Every structure is written in structure tokens, then in C-alpha cells.
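A closer look at the structure
Each chain, written out:
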Number of protein chains: 4
Amino acid sequence: MITQEQIQDHNYHLVAEHEFKWGHLAESLARQGHHPDAVLKKVADFQVAIPSWALGTGGTRFGRFPIGGEPRNLEEKIEDVGLIHALNRSSNSISLHIPWDIPADVQAIQDLLMQHGLAIDSVNSNTFQDQKDQAHSYKFGSLCHTEAAVRKQAVDHNIEVAQYGQALGDECKTLTVWLADGSNFPGQHHFRRAYQRTLDSLTAIYEALPADWTLLVEYKPYEPNFYSMVIPDWGTSYSLCQQIGERAQVLVDLGHHLPNTNIEQIVGRLMHFGRLGGFHFNGSMYGDDDLTTGSIKPYQLFLIFCELVQGMDDPSVLNPALAWMIDASHNTKDPIEDLLQSVQAIKTAYAKALLVDTEALFAAQERNDVQQAQAILEDAFQTDVRALVAESRRQSSGALQPIELYRKLALRDSRIESRGRYAVATGL
Amino acid sequence: MITQEQIQDHNYHLVAEHEFKWGHLAESLARQGHHPDAVLKKVADFQVAIPSWALGTGGTRFGRFPIGGEPRNLEEKIEDVGLIHALNRSSNSISLHIPWDIPADVQAIQDLLMQHGLAIDSVNSNTFQDQKDQAHSYKFGSLCHTEAAVRKQAVDHNIEVAQYGQALGDECKTLTVWLADGSNFPGQHHFRRAYQRTLDSLTAIYEALPADWTLLVEYKPYEPNFYSMVIPDWGTSYSLCQQIGERAQVLVDLGHHLPNTNIEQIVGRLMHFGRLGGFHFNGSMYGDDDLTTGSIKPYQLFLIFCELVQGMDDPSVLNPALAWMIDASHNTKDPIEDLLQSVQAIKTAYAKALLVDTEALFAAQERNDVQQAQAILEDAFQTDVRALVAESRRQSSGALQPIELYRKLALRDSRIESRGRYAVATGL
Amino acid sequence: MITQEQIQDHNYHLVAEHEFKWGHLAESLARQGHHPDAVLKKVADFQVAIPSWALGTGGTRFGRFPIGGEPRNLEEKIEDVGLIHALNRSSNSISLHIPWDIPADVQAIQDLLMQHGLAIDSVNSNTFQDQKDQAHSYKFGSLCHTEAAVRKQAVDHNIEVAQYGQALGDECKTLTVWLADGSNFPGQHHFRRAYQRTLDSLTAIYEALPADWTLLVEYKPYEPNFYSMVIPDWGTSYSLCQQIGERAQVLVDLGHHLPNTNIEQIVGRLMHFGRLGGFHFNGSMYGDDDLTTGSIKPYQLFLIFCELVQGMDDPSVLNPALAWMIDASHNTKDPIEDLLQSVQAIKTAYAKALLVDTEALFAAQERNDVQQAQAILEDAFQTDVRALVAESRRQSSGALQPIELYRKLALRDSRIESRGRYAVATGL
Amino acid sequence: MITQEQIQDHNYHLVAEHEFKWGHLAESLARQGHHPDAVLKKVADFQVAIPSWALGTGGTRFGRFPIGGEPRNLEEKIEDVGLIHALNRSSNSISLHIPWDIPADVQAIQDLLMQHGLAIDSVNSNTFQDQKDQAHSYKFGSLCHTEAAVRKQAVDHNIEVAQYGQALGDECKTLTVWLADGSNFPGQHHFRRAYQRTLDSLTAIYEALPADWTLLVEYKPYEPNFYSMVIPDWGTSYSLCQQIGERAQVLVDLGHHLPNTNIEQIVGRLMHFGRLGGFHFNGSMYGDDDLTTGSIKPYQLFLIFCELVQGMDDPSVLNPALAWMIDASHNTKDPIEDLLQSVQAIKTAYAKALLVDTEALFAAQERNDVQQAQAILEDAFQTDVRALVAESRRQSSGALQPIELYRKLALRDSRIESRGRYAVATGL
């Protein structure tokens, strides 16, 4: 799709300007007592999984405006993630969605993954849609359904999803469960029974998972048309995980909160409990907008990474390693460009969080020096780390300006040519 | 579909119990100084239009769970509204959506409407989706688009929509414009230019309308995936209408407001300006949920009707007659049952608003007797007017318990039989 | 303050009209299969505590507009609650606030309480203000403070508050802790440490409580000027209670939620966990508005009571008895009138919830009959239970129209005369 | 309070490090085609007024935690603003609040202002509190009050406030009206009459103003305890201004919006109408939090400045010059430090907005290149302009690090010594 030669050629023309910036930044950081190389390495090592469903144009309840050249099957999705990873060296894994991504030929998929330096990182089940020839409908819920047969079908589906993940490689040890189970009107749900049924179903899934797998339980306050969700908030997810078992963890999707929620505090809370399992990154202006990560509230994203960095660096925090994933939808932008922007924003926030002078911050906190505590965070946030993130890509053989190169090579056009103008990704 | 005999037979078995309730209520109201017959007449006369697109199962961005027997074309939509109207005698008109409801045979449609005692009340344009063979895409907007050709296409479509309305009968004198025009990310829109283009386009549409037509301009704060809407709030709608012309009016959709908005105050404001053109009734818990009217915040619905009744009764208010319409979506309920519930809730709120002792209320307001003002409204709201609304139906030859009768006659089953289990309404 | 004779005289003039209404309602209920007397008894038995701080005019950050005749001390607060209870026979207890209500003469207070048929029901601590001569300031928090000495002072204060409660009578077995602990800016708080310190402090308080006392932990998402609260949501309260001990319970204040929160679901959730400790009733339009209960969203209040009634009736729910309390502020209304309105609204919601046909509801839920489930709740809500609530008061020797009688006797005027126009309640 | 020598000495020790940063930034900007000196000049010229009421510790409805050394009168407030201006050379004017700041000796105040290089920029009226010996109470509103006498008192007060402003100097040509007029419960207000009374009162004030004065009409969606505000949104402010007259303009306070409001769009809208009169800068997490500007959503602040810069640079926009003012409250931080932080954040956002490549942005907008439009804004925002803002201060004889110098000179301590630990600013 793209050759290392093309990337090096691209970098060659930009490197002088880049070094002007990076040289100054590295010296500035060193003067402030940072170790630029250590920061560079952490930023380079940080990898964010790409969901298989984010590579096509997203839809709304009204319609879809396709961009063309969208991947038509799992192989082409892997190709697109491979391209993203070649450009930014930051997205070495894919999150699959079953049944949208059931592999026809497992060995061929594994070979293709290896060829692109990718792995399957996690699998996601789908009980929010009815599939053709499905015995029971999820119209009135899945894991929470009033009928045992529907719950069993949904439980079995989740177990099957994990089996697909196992088949695809050893790196895949995570099953993510997001439920659209809820009610549309007062009275429809018996809240306590719906919760208990969901707990029982999740427990059945958990018990069928391999012993080294993690079950991620996602929460979301509402879907359009809903009056209640069975798992609306972190408190519900957390209480479920407590009862399910040790490897059940809460998944935080940035767009799944009521207006004005302090998400960074929830992140700290869950790490304190050792129950933060992973992230779905995206951006949000009003609700579950699935916009480009960091496009609306970049400071909030930075504050979230401050919590994450502090938690991961604190030996008293017993939280397991986290699953990082983008979960966005692309309605008016090229999905590949949008994903490159999202990863850039995530690494920017991460790099800035690594620059926080935590020693000074903690001291300011202890003496209640509010102004200083705020200023220490803002100092890190104000730092322009674009050259650092670019340098981390360059050192990993990625492109200095991934989107510029992607456009210059007209890779969307070649996709439209080979895949067609009205190609539709499986699952959309 | 349903015979007057079936309705009378149904009423016959319920009338004794009904008269026990209605007799008591009528006497109670009379004791309080009300004229039960006058209230009955107002409630009976109140008619709410049914939108053609609300008769099938609604969809989400994920999927649709069809109920079966959904109308497959305009004729079957008219049949379903005819059934609703036969049952409740409160929905004598339909609001059409073009291009979903383009009539193949105008005369046949007019005959069918007459047969059911219905009329076309208004027409709605659609520039939020691309239709097959459309020259230009609305991916980046319609009336606000940066390219003149796209704007012209959208303007022409609106004018054509009005022509369909004119063809279908004299009662149709309203064009409703709802735009999904907006931006997904900061920077995408030049806010001032997008506004000005929209104003120019709306003005062009307005000038092409017949002289006795009204242009309703709807507002909405956001769509999922959006960062800004061109017409996000009543203030924008109102400013547009001021510049477009006298017969341009603001349309209020109950679900189109930011959290915690005081909608009843907006209603009062717009009536004060003489610029309230009409209503889209629905219910909302979190956003634009398009739930059954009154199912979530019935007191708010009542307060809105208090503003409406007071405004309509106040000779100093120069607001023209309003267009009343339901705009809901039905994902888990039978659309016909849901619409019957919505109309019932609207009439309930209206009837209670008619029972407010406005003279006492205004006096309490003038002397700043906060407790009394509140209590006067609550007294009206606490009154159980179900028997009154039922009686107004009965006197109009409708059913005392429309949903009960609809279920008893198994009219959904007969629809599934004749139309099929996977019938899809045009436009969905 | 008011004599039984005055009440009977008042009732005498209203009883004919009342019996016209109550007679019809009782018959209607009986026809539907209800036992009016059983409902009457439950409604009559339901008692809601009045907080001592709600008897004066509330304040804002800008100012206070006193109504005059406000109670100047604990004795006069008891008198006012005594009056409320005499009128509505529904408020037989008081919730105290320390240090605002430290009794000078315990025996005299007990005698006064007995004279009015009242008891102290719970005590509330105050670490959100600095008191004169206090060693350490709560400017930067209390139970979460970075300094051990401040935390100790706050813990000791809470223990002392419980001791005042114990001294005042055996009925008082509840300590309510509401914290204004939080941060104003990003960086100010180390979220995990602030949580842990709060947990340790609460545990210390809990361990010092008598073995039959309950510790209620209140949550609140924000205060004006805040960026984070240490206990912002039910999930945090719940996690604290889990770790503190069995008699630590979550207190729900209706105004303490982010926009669009489904509170009734939280209520069900906490009952399912056996961790719902009590309620602070009030009304809310935008935030923590402390308005009259039921004045803004009466249907939500009813739905909450549906959860409560169902939970209390369900033998599988192991939740202990709940503490019911009003927590409102009165800026433009007479506090006594406002409290009478609030209790009326609470009993109305409770009575309607008692009328829900739960058997039919549960059946509709099990068969996913969404329309019916919704309609069953709405049927109960539409019922006009004013005569039932009035009858329950009458049978308990209360007034048929408490506010009417309070106004007729000019009891505010007599208070202004005896207490003065600018009387200020302790603590305001 | 502070000498130029102290500032120069402070700068002397920091200048080498500063020049390392500024030199690189200036070269970077020049390479991108910017004119660093032109940007520097614009940033230096940008002045933000300090409100007289922001110099003391703010309060909440619960309490106040004073910092000590707060200004006790207008003279000391001027001294504090003079200090801020000496440090940052960016706050050369004060906004007064009447009756809190009625000058005893006008000439002495004018001399003091001149000595500090300051001017009075605008005056604010206060009808949200009752003053001692006031004939009528504002408990139930002021300009909207049901009684003509109360409205007249409020109108007269506003006219008098403007007269104080005129007396204090020619620079003061702005009267800002913020109303706490609203209702606490449904029914309390007759919405249409309350609006009309407010319009009539504002018109009376406007007509009494000197011909070159501007009347700024502020909006706010709610106050705690309110159900409705008479001027809740920009649409209401705008409609009032349209009817009042040409020099009536809308004032935008950043904290006065419902959750999720797109404020930058409102700014663009009002500039398009030529009706944006001025700004109250502050930061907000949940509501009207009056936090440090830019402390919560710095990207939103930048986007707002993008609208402002584009509007001010566009010759087709006929909006008059804007009034810039901070309106914040300081509960846990030193007010002087907080104001210095706010001005820094405002200038940072302004400087970044000046760096937007508007030509490229407009081109991307016209061709609907969503990704590029977003990226162009983010490029400007990512730029670290701290050295530029510092250089603009240095060239104006201000301090490179104002807060550092303020702390080093222990100017709070000296204030506590001279003014006392429990000094209270007039009006708090």
C-alpha cells in the first residue's frame, strides 16, 4: 500500500524544518529537567487499537454520505489499518466486531496481519442488532431480556465471539461488551430485575472465557429514543464487575456521559479501585457524537491522561494494563485521515501529560496552593509537543506528516478505483 | 378498516362505567364554575396532524426492529391515519414528507382522503438525505451550502414540495423546513456566511410560495455527530423569520432543546412576537428522543399548553393560528397505539390548561402571591380529565378506549397479513 | 399555636364538598379493586421530617429577602414544625443541624418536642462553613483535607453532632453527612488521595457511632465555583458505604444530579443493593435549586415513589427502612406554606404510586408490552388523589386545607409581631 | 505599590531564558509567514477591564473563606487594579458597581486613577439586592416588577448609576444591566407581561442615557432557586436590543449558558447582526461558576477569539467596538493572582487566534475540506505563545512572570498587614 521508500522520501523533504523545531523543543525540555529521549520512547511505544468498524463512512438515523473506496471485508479493513500503522507507527492492533468481521480463512487473516505488523487486540460482540436468521430478536434487550432463551442466545453469541478472538491469535485476550439494553418508556423495565438478569448473563459469559481473558463492561447513559439504559454509568459497571470477578473491568468511552460529567475524576476513581479496564477514545460536543478524539475538548483529554499517567506511575495503584482503542464515526471526513488525527491527538495529550512536573504538583496539592497546581498542569499543556510526536514517528520509520503524505499519494483515489465508489464495509 | 358499528358496540359495553366518571367530573367542574360543555367542545375541536413518516417502525443508527404490517405507500399511510381518526376523532389531517410521499395519482389520493375525512395539512421537504439520481449531494449542507448549485437544488426542491402540497388540496398551506445543515468540527463552517446563505435560500423559497402559504422554520440544537447547527435555537429561527417576511414563522419541536431549557417560556416569547407558527409534539428524556408526547414530562406539556391557551385567548396577542403536529418515532411500540397515546396526552394537557382559573392566576401574579399562582396551576393539573377527553371522543363518534378496541379487533394482525411482516414504509 | 378546635371548625365548613369528592374517589378505587382504607392508612402513616434550617427565608450568594417572623432559635423552629404537623399530621419529626441547633437546655427541648408530638429524627453535621473560634479552616476541605489536623477536627465535629442527637432522644439514630469537599480547578485535588482520606475519615466517624446508628452519605455533582466534588455521584457514595460498614447508606437528594439523570433508576439500583438510606426531597429545574418538591417534575417524583413502593413491598429487597426528609430553601414563598406544599406533593406521589396495579405492570413487563406498562403507570398518575390525601389528614385530626387555614388565621402575621420583621434563624 | 525598578530587576534575571524561547518563537512565526511584531503589538494593545467586585474573596450561599488584605473601599480597589496593571500592562480600566463603589470624593478618585494609568470603563447597576433604606424591595423583580413604583425605582437607579459613571470621566460610556429578575415557580410570572415590562423599563433607561453611551443587556439562563429568568438567552437579549435602539447591545458572559451551548456560534451570530456589545470573561465547568478564564475549556476560549478576530477583521461586519471585562469570583485563590491568570489566558487565546491562517481556513471551508479546516485551527492552538505574551508585557514595561514577582514581593502579606486579615470589600 505504501512503501518505506515513499515515507523516507516524504520525510527527507521535511526533515530540516522538523529538526529546527525538534532541536529547540528537546533543548527546552532538557533545560526544564526532562529527559527528552525517555519521553520520546514512551510516546513511541504507546499504541492505540483501531476498531474495524471505523474504516468506513458512518451513518446516522437519516442517511449515509459515502466517501468511496471503503473496505468491503475484513481483509481490506486490515489493509487500511496497515496503512495507518505504516504512516504513524502507533496503531499496531485492531479491534474486531462479530458478526461483522467473522474471518472466512483464519490462516489467511493471520498472515495478512503479520504482513502489516498488526495483531487482533480485542473482540466486540453485537447484541444491539438482529442478524438474519437469528432465532430470537433483541428488540427488547439481550443480556437483560425477560425471556431466558433470548438471554441464552446473547450469552452464547458472546462466548462465540471470544472463540473467534482466540482463534485469531494470542494477543487477543479481551472481550468488550457494550449493551444497547434499556427501556424506552417509564414502566417498561423492572429496573432491579433487568440489572440482575444482566449480571447473571455477564457472569455466565465471564465464566466461559479463558482464564487469562478480560471482560470489559462498557457504560452509556442513553441512546436516542431511550428512557433508561441497564448500564448507564460507571457506578453500575463497577458494581457489576465487583460481582462478576477479578478480570471484569470497566471500559470508559469518552462520549458516554451526561452533560458536564467530570470524566477525569471517574478515571482516577476506577484506577484507585483497580477496575479501569480500557478506553474508547473519541470526541463529543453534545452526546455520543463519536467525533475525532481531542477535536472539541483537548484540555479534558489532557487531564484524563494526567490521571492515567499518574495512576500508571503510582506503585500503590494495582490497576492492570489498559486497553486503548479509538471508537469514532466518520461522517464527513475521510476515515483514514480522521483516525490519523485521532491518534495524533491522543499522543499529543499523552506527551503533554508526561511533561507534568508531578513532584511540584503533588507538593502544591499538599499545601493547597490552588493557583500553582493549576499553573503546573497548564504549563505542560501549553507546551507545543508536535515536534516530539513527529520525532517519535520518524524514529519508528513513520511519516513526519502522515495526512500530507496520504493525500499526496492519493490513496483514497486508488481505493475508490479498486474498491468502487459505493463500497460498503461489512456491518454498515 | 373499522366500522362505526364496531365503535358503537365497543362504547356500549363501557358506557355505564364511563358515565359514572364523567357525570361526577362534569358536576365537579360545574361546581367550580366551569362550563363542561364549552370545555368539551374545545377539546373535541382540537385536531392534531399525523406525520406520514410516523406510521412505520422508526430506526436508529444501529438498526430497526420492524413490527410488521407497516404501510408500504401513501395510500396505506392514509388508511392508518384514517383508522386513528376513526378511533379518536382528533387527527383529521396528515403532514406529508417529500420525496417519500409523492402521490402517483393525485385524484385517487384526494378521494381516499375524503373517504377517511382527512386532509393534507402541510408538506415537509427533505434535504438531509441524498436521493438516488440527485445531481448534488447534501453531505455538506443544503440551504447553507458553499456552492450555489447545491443551494439552488435545495431551494428548487422546497418549491416543488410546496407544489405537491398545492396539488393535493386547499387545506394545505404550510411548508415546514427542517435542516440538518451544520458542521461536525470547529473550523468547518464560517458561521456568519452559513447563516447568510441559509437566509438567502429561505427567502428565495418564501418568495416562490403562494401568497397565502406559511413557511415554518424549525430549529434544533444538535444532531449526533454535529458540532454546530445552522439553526440551533429559537433566536436564530426568529431572526430568520423577521428578515424573510410576515408569513415566516418559528416551529417548535419539543425535543429540540438543550438540557434544562424552559420551553414554555419560549412559547410565550414567540407568541408575544406573533411568530409562533406551530408545534411538533413528542417526548424527550435526554435529547431528540421522539418519544410519545407527555410520556416523560407531562407537567411541562401542561405548562406549554397553559402558555398556548393564554396566548390564544389574549386579544393583544397577534399570533396567527398554529399548526399542530406530532413528530415521533416508534421503535418498540406499535406506531398506531403510540400515536393514539400521544394524541390522548396532548388533549389531556389541553383540557387541563382549559381548566386553569386564569383570572385568579393573573391576580395572584399581580400581587406576587407565588404560592397561590403555583397552586392554581397544580389544581388544574391534578384534575383527572380522562373522562372528559373520552366523552369528547364519544360525542364525536369515536371510541371510549381507542387502544383497547384496536387491540380487540386485532388490526395489527390484519395489517401484517395484508401488508406482510417486513413491510417498509416509504422513506425508512 | 393552633387549636384542635380551629382545625375542626375549618374542616366543618369544607366537609360537604370534601365528601362529595372523597365519596366518589373511594367508590372509583373500590371498583378498580383497591382497598381505599388500606391506602388511606398507608398515606396517613407516611411521615416526612422537616429540617430545622428550612423554616427561615433562604439565601443566595447575592442576598436574602426575609419574610419576617422567622424562628430565631431551636425552640421557635420546633414551634413552626409543630404548627406544620398540627395542620397536616404528616411531619412528626425534625432534622437538626449542628452547630446551628445546639440545644441550650436539653430537657426543655425534649418537653417542647413532646408537647408538639414531635421527635428529633436525625442530625446533620456542618463542615462546609467555618465557625467562629474554630481552630482550622475548611476552606480547602474537611474530611478530605490534606492536613490530618483538619480532618481530625471534622471527624470530631461529626462525632459530637451524633452525641447531641443521642442526648435529644431515642428516635434519633441517624447522622447525615453532606460534604462541600471538592476542588475549584484542575490540579488542585489529587483525586485518589482525596477519596481515600474521605473514606478514612468517614470510617473513623462510623466507628465512633453507637451500634444502632446509621451513617448517611450524601452525594452531589457540583457546587457553584467547583470543578470536582469528592462525592459527586451515587457510585462514589455506594463504594464508600461498601467499605465503611453495613450501616453506612447512601442518601439521595433529588436536586443533586447532572442534567437528565434518571433518578428513579438510581433509587431502584440502591434498593437492589440494600444501600438506600434516605431521601432529601426537593424540586429542581436546573440544578440544586431546592424548590418545592414536585413543583417542576411531578411525574418524576411519582416514578421515584413507584420504585420505592415496589422495593419496600418486595420481600427479596433487603433494604433497611428509609429516612424521609425535605431539604428545600424558600426565597420568595412563606417557608411554612412551602413545606405544607412539599409534604402534600410527596403524599400525592406516594398515594398515586400505591394505586399502581403492580401485578398487571409486572405482567406487561414480562411480555414486553411497552404500551401497557407505560399506560398502567399513567393510569395511576392521572388519578386525582387530592381527596384521598385530604381525607387521610382529616382522619388524623389535621386540616382539610392546611394552607387556607394557615392564611385565614394570619399565623405569619402573628409571628412577625412576636418575633420581628427581621428575625433570622440560627444558621442563616 | 510596586516600582518600575522592581519589575526591571525581576525581568533582568529571567530575560536570558525568555529570549531563548521568544527568539525561537519569533523565527518560527516568521518562517510561517507571520509578522511577529504586528502580532506583538495587537496583543500588547489588548486591554481587559477588571471589575471592582473581583478583588475580594467571593462568597457562596454557605460561606466565605477570606484571604485577608482585601480592599475595603474604592480607593483600595483602584490600588489593586493598579498593581495588576503595573505587572501585566493589560488591565488599564475598571468596571464599577453601584452602589458598592459610590465615590465619596470624585476628584480624589480621578487623581488616583490617573496615578495608576487607569480609567473607569463602565458602570454596573444592582437591582438584585435590597439596599438599606430602599423604598421598594426587589424580592419579586426590578425592571419586570408588577408594580410601577418598583420598576420606576429600578429605572431611576440605573439612570443614577450612569450619572456616577459620567462624573468619573469621559472614558466611561457603558452601562451594563444584569437582571436577576425571574420566577421561582411555574405560574409566578406572566411571561409575556414580564418581558414587556422589562422592555419598557430598559427603554426608559436607554432614553435617559447620554447620546454616546451604550446600554449592554446581559442574559443568563438561570440562577439557583429559579424556574425562569426574564432574559434567559441571547435571543431574548437581542430582541430587546432591537426594540430599545441602536446603542443597545448584547453582553455575553461565558458562564451564562445551558449545558453544551455552542457559545462561539452565538458570538458569530451577534457580530453578524452588529449587536455584540461586550464580554464577561470567566471559566465554567457546570454553570455560572465564575472560575478563572480558560481554566476549564481553553480551546473553547480560543474558538471564541477566532470568531472575534474574524469578525473584527471583516469589513462587512458592522459591529461596534467591544467592551472586554473579566467577571469572576475567587473563593480559594488570591484574587490578584487569579485575575493575572485570567488576563494571561485571555491574551493567550487572542494571540493564538491571531495566528490562524484565515486565508487557508476560508479556502478549506469553501471546498468543504473538513479535516483541513479543523487542522488549521488546531495548528494555531497548538502553538506555544507564552513567550509572545510575555514579550508583549516586557515591551510594555510589565513583568515577565507577574505572579512570581507578586509572590516574591509578598504583596498579599503587606496588604494583610495594612488592611487587616478580615477586611471586606464593599459589596460583599
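Residues numbered from 1 in each chain as written. Chains lettered and ligands numbered in written order. Predicted model: local features only at pLDDT ≥ 70, side-chain atom pairs only at ≥ 80, totals over all residues. Heavy atoms only, no water.

1. So, the interface of chain A and chain C
A common way to express how large an interface is: the accessible area buried when the components associate. As a reminder, the rule being used: Here, two residues are considered to be in contact whenever any of their heavy atoms come within 4.5 Å of each other. Two parts placed together each lose some accessible area; with a 1.4 Å probe, that loss summed over both constitutes the buried area. One side-chain nitrogen of Lys or Arg within 4 Å of one carboxyl oxygen of Asp or Glu is enough to make a salt bridge. Two N or O atoms count as a polar contact when they lie within 3.5 Å, although within protein this holds only if one can serve as hydrogen donor and the other as acceptor, and sequence-adjacent residues are included solely when both atoms are side-chain atoms. Think of it this way: any DSSP run of H or I at least four residues long counts as a helix, any run of E at least two long counts as a strand, and we number them from the N terminus. By the convention adopted, Pro, Cys, Tyr, Trp, Phe, Met, Ile, Leu, Val and Ala count as nonpolar, Lys, Arg, Asp and Glu as charged, and the other residues, Gly among them, as polar.
With 55 residues of chain A at the interface, the matching set in chain C holds 55 residues. Around 4,900 Å² of area is buried between chain A and chain C when both sides are counted, 52% of it from carbon and sulfur atoms. When residues of chain A are sorted by the area they lose upon contact with chain C, Phe 191, Arg 192 and Asn 368 of chain A head the list and together hold 15% of the total. On inspection of chain A and its partner chain C, the count reaches four salt bridges. At the junction of chain A with chain C, the criterion picks out 29 residue pairs in polar contact (both at pLDDT 80 or more). Sorting the residues of the side of chain A that touches chain C by element identifies helix H6 (191-208), strand E7 (228-229), helix H7 (234-244), helix H8 (263-272), helix H9 (298-313), helix H11 (358-366) and helix H12 (370-382) of chain A as the ones contributing at least two each. Looking at which element gives the most residues to the side of chain A that touches chain C, the answer is H7 of chain A, with seven residues. Here the side of chain A that touches chain C is built from residues that sort into 22 nonpolar, 24 polar and nine charged.

2. Re the packing of helix H3 (residues 74-88) of chain A against helix H15 (residues 411-419) of chain A
Residues and elements named next belong to chain A. The condition is simple: In this analysis an axis means a line fitted to C-alpha atoms, helices contributing only their contacting stretch, and an angle means the value between N-to-C directions, from 0 to 180 degrees. Each angle gets one of four labels, with under 35 degrees taken as roughly parallel, over 145 as roughly antiparallel, 65 to 115 as roughly perpendicular, and the rest as oblique.
Relative to each other, H3 and H15 sit at 170°, their axes nearing to 13 Å. In terms of axis orientation, H3 runs roughly antiparallel to H15. Here H3 contributes Glu 76, Glu 79, Asp 80 and Leu 83 to the contact with H15, which in turn contributes Leu 411, Arg 415 and Arg 419. Class assignment of the residues belonging to the contact of H3 with H15 gives a composition of two nonpolar, no polar and five charged.

3. Examining the interface of chain A and chain D
Counting residues at the interface gives 40 residues for chain A, matched by 40 residues for chain D. On the chain A side of the interface with chain D, the three residues burying the most area are Phe 20, Asn 260 and Gln 382 of chain A, jointly 18% of the side's total. Summed over the shared surface of chain A and chain D, the number is six salt bridges. A salt bridge links Asp 379 of chain A to Arg 386 of chain D; the shortest N-O distance between them is 2.9 Å. For the pair chain A and chain D, the number of links is 14 residue pairs in polar contact (both at pLDDT 80 or more). Only helix H1 (4-31), H9, helix H10 (335-354), H12 and helix H14 (402-408) of chain A provide two or more residues apiece to the side of chain A that touches chain D. Ranked by the residues each element gives to the side of chain A that touches chain D, the list is headed by H12 of chain A, at nine residues. Across the side of chain A that touches chain D, the residue classes tally to 11 nonpolar, 16 polar and 13 charged.

4. So, the relation of the copies chain A and chain C
In plain terms, the rule: Our superposition of the copies is a least-squares fit, built on the C-alpha atoms of residues whose pLDDT is at least 70 in both.
For the match of chain A to chain C, the screw axis carries a shift of 0.0 Å, the RMSD comes to 0.0 Å, and the turn is 180°. This pairing of chains is accounted for by a two-fold axis. Proximity to the rotation axis, assessed at the C-alpha, singles out Gly 235 of chain A in chain A; its C-alpha lies 2.1 Å from the axis.

5. Notes on the packing of aromatic side chains
Rules: Any two of the Phe, Tyr and Trp rings considered here, Trp counted by its six-membered ring, make a pair once their centres fall within 6.5 Å; the pair's planes then place it as stacked at under 30 degrees, edge-to-face at over 60, or tilted in between. For every residue, the accessible area (1.4 Å probe, protein chains only) is compared with the maximum for its type, and the residue is labelled buried under 20%, exposed over 50%, or partly exposed between those bounds. Only Lys NZ and Arg CZ are tested; either one counts as a charge over a ring when it is within 6 Å of the ring centre and within 35 degrees of the ring normal.
In this structure the tally under the stated criterion is 82 aromatic pairs over all chains. A ring pair is formed by Phe 302 of chain B and Phe 381 of chain B, whose centres lie 5.3 Å apart and whose planes are at 45°; its orientation type is tilted. Residue Phe 302 of chain B is located in helix H9 (residues 298-313), and its partner Phe 381 of chain B is located in helix H12 (residues 370-382); the two are separated by 79 residues in the primary sequence. In this structure Phe 302 of chain B comes out as buried when scored by relative accessible area, which is 0%. Owing to a relative accessible area of 6%, Phe 381 of chain B belongs among the buried residues under this scheme. On the numbers, 6.0 Å between centres and 40° between planes, the contact of Trp 234 of chain C with Tyr 238 of chain C is tilted. Of the two residues, Trp 234 of chain C and Tyr 238 of chain C are both situated in helix H7 (residues 234-244); the distance of four residues between them amounts to about one turn of the helix. With respect to burial, Trp 234 of chain C and Tyr 238 of chain C carry one shared label: buried. An aromatic cluster of at least three residues, connected via ring pairs, comprises Phe 46, Phe 279, Phe 281, Phe 305, Trp 324 and Tyr 350 of chain A. Of note, Arg 193 of chain C hangs over the ring of Phe 362 of chain A, and the distance from its end group to the ring centre comes to 4.6 Å.

6. Re the relation of the copies chain A and chain D
When chain A is brought onto chain D, the operation consists of a screw motion whose angular component is 180° and whose axial shift is 0.0 Å, with 0.0 Å RMSD remaining. Here 100% of the interface residues in chain A have copies in chain D that are interface residues too; the copies meet face to matching face.

7. Some details on the pairing of strand E4 (residues 174-177) of chain B
Residues and elements named next belong to chain B. Defined as follows: Two strands qualify as a pair provided DSSP detects at least 2 bridges between them. We call a crossover right-handed when, viewed with both strands directed away from the observer, the connection leading from the first strand over the helix to the second proceeds clockwise.
Side chains Thr 174 and Thr 176 of E4 all project onto a buried face; the interleaved residues Leu 175 and Val 177 project onto the opposite face, where all are buried too. Direction of pairing for strand E3 (residues 119-124) relative to E4: parallel, over a ladder of two bridges. Opposite Val 123, over in E4, you have Leu 175 as the bridge partner. In this view, the connection linking E3 to its parallel neighbour E4 by way of helix H5 (residues 148-168) has right-handed handedness.

8. Observations concerning the sheet that holds strand E2 (residues 93-97) of chain C
Residue and element names in this part refer to chain C. Read from one edge to the other, the open sheet built from eight strands follows the order E1-E2-E3-E4-E6-E8-E9-E10, with strand pairing classed as parallel. Since the sheet does not close on itself, it has two edges, and those belong to strand E1 (50-51) and strand E10 (323-326), each with one partner. Note: strand E4 (residues 174-177) against strand E6 (residues 214-218), four bridges, orientation parallel. Considered in E6, the bridge of Leu 175 is made with Leu 215. The strands that helix H9 (residues 298-313) touches are strand E9 (276-281) and E10; relative to E9, the one it contacts most, it runs at about 155°. Against the sheet, helix H10 (residues 335-354) engages E1, E9 and E10, with an angle of about 140° to E10.

9. Remarks on the side chain of Ser 228 of chain D
Residues and elements named next belong to chain D. Here Ser 228 lies in strand E7 (residues 228-229). Classification of Ser 228 by relative accessible area gives buried; the value is 1%. Reaching out from Ser 228, the side chain makes a polar contact with the side chain of Ser 183 at a distance of 2.6 Å.

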